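If you want the building blocks of each chain, they are given just below.
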Amino acid sequence: MHLWPAALTARHLTKTFGDVTAVDDLTVDIRPHRITGLLGPNGSGKSTTLRMALGLSRPTSGSVEVLGRRYRDLDRPTRRVGAALDVTGIHPGRSGRDHLRVACLSAGLPSERVAEVLLGVGLVDAADRKARTYSLGMRQRLALATALLGEPDLLVLDEPANGLDPAGTHWLREALRAYVDTGATVVLASHVLAEIEQTVDDVVVLDRGRLLAAGPLAEVTGGRSLEDAYLGLTGGRRSGGC
Ligand SMILES: Nc1ncnc2c1ncn2[C@@H]1O[C@H](COP(=O)(O)OP(=O)(O)OP(=O)(O)O)[C@@H](O)[C@H]1O
């Protein structure tokens, strides 16, 4: 149904902040209809890469496209790409339901989607409580619900399991797999290698902004655990959280 050669394509993508090169000449293709984990130590450029892909930050040089176009050139981007990058952006005085209503309205999406995504992420019972009373895991669910409003072809998540309990992590894994099975693509950045290992089809490993490895999980790990492969690739620079 979705026929793009790659869901995300970076070509010589580079971003500098003053003296810091956050992303350094990154060339990679992320395959469609799969879950890809973006891995790397703290400060390796994962979030900066995702922000450039979503048009939130301008590359210093090089390019990044999602679904075959620059994000800003996509037709109705909120229906094509959904993102949950930062749970701190949720208004504390607003209920989850109101947060979703506002997001629906501003994206021009039908209001029926609010009840559907609340059900989908298991937040129905908490929907009318103010977001300030939500746990981190509940805010993660609300951020995911927001990203899913437009039933996007590409879902981009930054540390989506952060704050989820084991049952929540299990639920997330199943939910992402079910979503990809509908023909969509998921890209997620994470530090938690055990979680990544059980969730993704492909991995992209960054270190200090540079690409260290990319490909199917089994190919990159070569029979080792992901942690061993990762520590070998990054020279022992540990990702936070593992
Ligand atoms: N707006 C900014 N201004 C200055 N430096 C920045 C900015 N955003 C990111 N950086 C720097 O760019 C580098 C890459 O940061 P980035 O947040 O992309 O890494 P990350 O891999 O997502 O890290 P983490 O795992 O800790 O979330 C870091 O050195 C960071 O300090």
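Analysis parameters
- Residue positions within a chain follow its written sequence, with the count starting from 1.
- Totals for whole chains, interfaces and linings use all residues, but because this is a predicted model, local features are given only for residues with pLDDT of at least 70 and pairs of side-chain atoms are given and counted only at 80 or more.
- Between any two strands, pairing holds if DSSP finds at least two bridges.
- Strands here are runs of E lasting at least two residues and helices are runs of H or I lasting at least four, both read from the DSSP assignment and numbered beginning at the N terminus.
- Lines fitted to the C-alpha atoms define the axes, with helices restricted to the stretch that makes contact. Angles between their N-to-C directions range from 0 to 180 degrees.
- Two residues form a contact once the distance between their C-beta atoms, set from the backbone, is within 7 Å.
- For each residue, a C-beta atom is positioned from the backbone; the residue is called near a molecule or strand if that atom sits within 6 Å of it.
- Throughout, the ten residues Ala, Val, Leu, Ile, Met, Phe, Trp, Tyr, Cys and Pro are labelled nonpolar, Asp, Glu, Lys and Arg are labelled charged, and all others, Gly among them, are labelled polar.
- By definition, a nonpolar core groups buried Ala, Val, Leu, Ile, Met, Phe, Trp, Tyr and Cys residues that connect through C-beta atoms lying within 7 Å of each other.
- With C-beta atoms placed from the backbone, a residue is labelled by how many other C-beta atoms lie within 10 Å of its own: buried for 20 or more, exposed for 12 or fewer, partly exposed between the two.
- Think of the arc as the fan of directions from the helix axis to the C-beta atoms.
- The span expected for a helix works out to 1.5 Å for each residue beyond the first.

K.L.:
Please set out the sheet that holds strand β1 (residues 8-17) residue by residue, giving values where relevant.
P.N.:
The three strands are arranged β2-β1-β4 in an open sheet whose pairing can be described as antiparallel. On the outer flanks of this sheet lie β2 (20-30) and β4 (61-66), each paired with one strand and no other. For this sheet, the mean inter-axis angle between neighbouring strands, taken without regard to orientation, is 20 degrees. As defined by bridge partners, β1 adjoins β2 across seven bridges and the pair is classed as antiparallel. In the sheet register, L8 faces β2, and the bridge partner there is I30. Those strands touched by helix α1 (residues 46-53) are β1, β2 and β4, and its axis lies near 115 degrees from that of β1.

K.L.:
Give a description of the site of the ligand that names residues and reports values.
P.N.:
Close contacts around the ligand come from F17, V20, A22, G40, N42, G43, S44, G45, K46, S47, T48 and H191, and that covers them all. Mapped onto the shell around the ligand, the elements with two or more residues apiece are β2 and α1. If you tally residues by element for the shell around the ligand, the top one is α1, at three residues. Here the shell around the ligand is composed, by residue class, of three nonpolar, eight polar and one charged.

K.L.:
Go over the nonpolar core, please, and point to the residues and values.
P.N.:
Among the nonpolar cores identified, the biggest contains 65 residues, and A145, V156 and V186 are the most heavily contacted of them. Broken down by element, this core gets its largest block of residues, seven residues, from helix α5 (residues 136-148). Apart from the residues lying within four places of it in its own chain, the contact partners of A145 are L100, V117, L118, G120, V121 and L123.

K.L.:
Could you give me a rundown of helix α4 (residues 112-120), with the residues and numbers involved?
P.N.:
When α4 is considered as a whole, its buried residues turn out to be R113, V114, V117 and L118. Buried residues along α4 cover an arc of 135 degrees about the axis, so they all sit on one side. Of the exposed residues in α4, those oriented more than 90 degrees away from the buried face are E112 and L119. Lining the buried residues of α4 we find α3 (96-107) and α5.

K.L.:
Quick one: what's the story with α3, residue by residue and with numbers?
P.N.:
Taking 1.5 Å of rise per residue, the twelve residues of α3 would be expected to cover 16 Å, and the 17 Å separating its terminal C-alpha atoms lies within 8% of that figure. Buried within α3 we find G96, H99, L100, A103 and C104. Mapping the buried residues of α3 onto a view down its axis gives an arc of 135 degrees, with all of them on the same face. Projecting away from the buried face of α3 at angles above 90 degrees are the exposed residues L105 and S106. Two residues or fewer past α3, G108 is found with a positive phi of approximately 70 degrees.

K.L.:
Let's hear about the sheet that holds strand β8 (residues 202-207): which residues, and what values?
P.N.:
Across the sheet, six strands lie side by side as β5-β6-β7-β3-β8-β9; this open sheet has mixed pairing. Each edge of the open sheet is held by one strand with a lone partner, namely β5 (81-84) and β9 (210-216). Within the sheet, the average angular offset between the axes of one strand and its neighbour, ignoring direction, is 15 degrees. Sheet strands in contact with helix α6 (residues 166-181) are β3 (35-39), β6 (154-158) and β7 (185-189), and its direction is about 145 degrees off that of β7.

These results come straight from atomic positions and should not be treated as a statement about function.
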